[in-house]
Amino acid sequence: MVSVAYKNRTRDEIIAAVRESIRKKREWQEQADEEHKRIREERKRL
């Protein structure tokens, strides 16, 4: 599967794709952390 994803791509394109994937994962994680923090604060108020 991995070889198919990298087929016909240059080394720089692969590196850029991996970096973009990592950036998106971090962004998603930050959003999830914010959501959990908001939920915890709402529960404290109750």
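Shown above is the structure to which this text applies.
Residues numbered from 1 in each chain as written. Predicted model: local features only at pLDDT ≥ 70, side-chain atom pairs only at ≥ 80, totals over all residues. Heavy atoms only, no water.

### Structural notes on the overall build of the chain
Then, in step 1: Scanning the chain from terminus to terminus reveals two helices and zero strands.
Then, in step 2: Summed over its atoms, the accessible surface of the chain is roughly 4900 Å², and 52% of this surface lies on carbon and sulfur atoms. (Helix = DSSP H or I, 4+ residues; strand = E, 2+ residues; numbered from the N terminus. Areas by Shrake-Rupley, 256 points an atom, 1.4 Å probe, with all protein chains shown as cover.)

### Quick word on the pattern of salt bridges
Then, in step 1: Enumeration according to the criterion identifies four salt bridges in this entry.
Then, in step 2: A salt bridge links arginine 23 to glutamate 20; the shortest N-O distance between them is 2.6 Å. Highlighted residues: arginine 23 and glutamate 20, both in helix H2 (residues 11-45), separated by three residues, approximately one helical turn.
Then, in step 3: With a relative accessible area of 39%, arginine 23 lands in the partly exposed category.
Then, in step 4: Between glutamate 27 and arginine 23 there is a salt bridge; the shortest N-O distance is 3.0 Å. (Salt bridge = Lys/Arg side-chain N within 4 Å of Asp/Glu carboxyl O. Buried < 20%, exposed > 50% of the residue type's maximum accessible area, 1.4 Å probe, protein only.)

Purely geometric stuff here, so don't read any function into it on its own.
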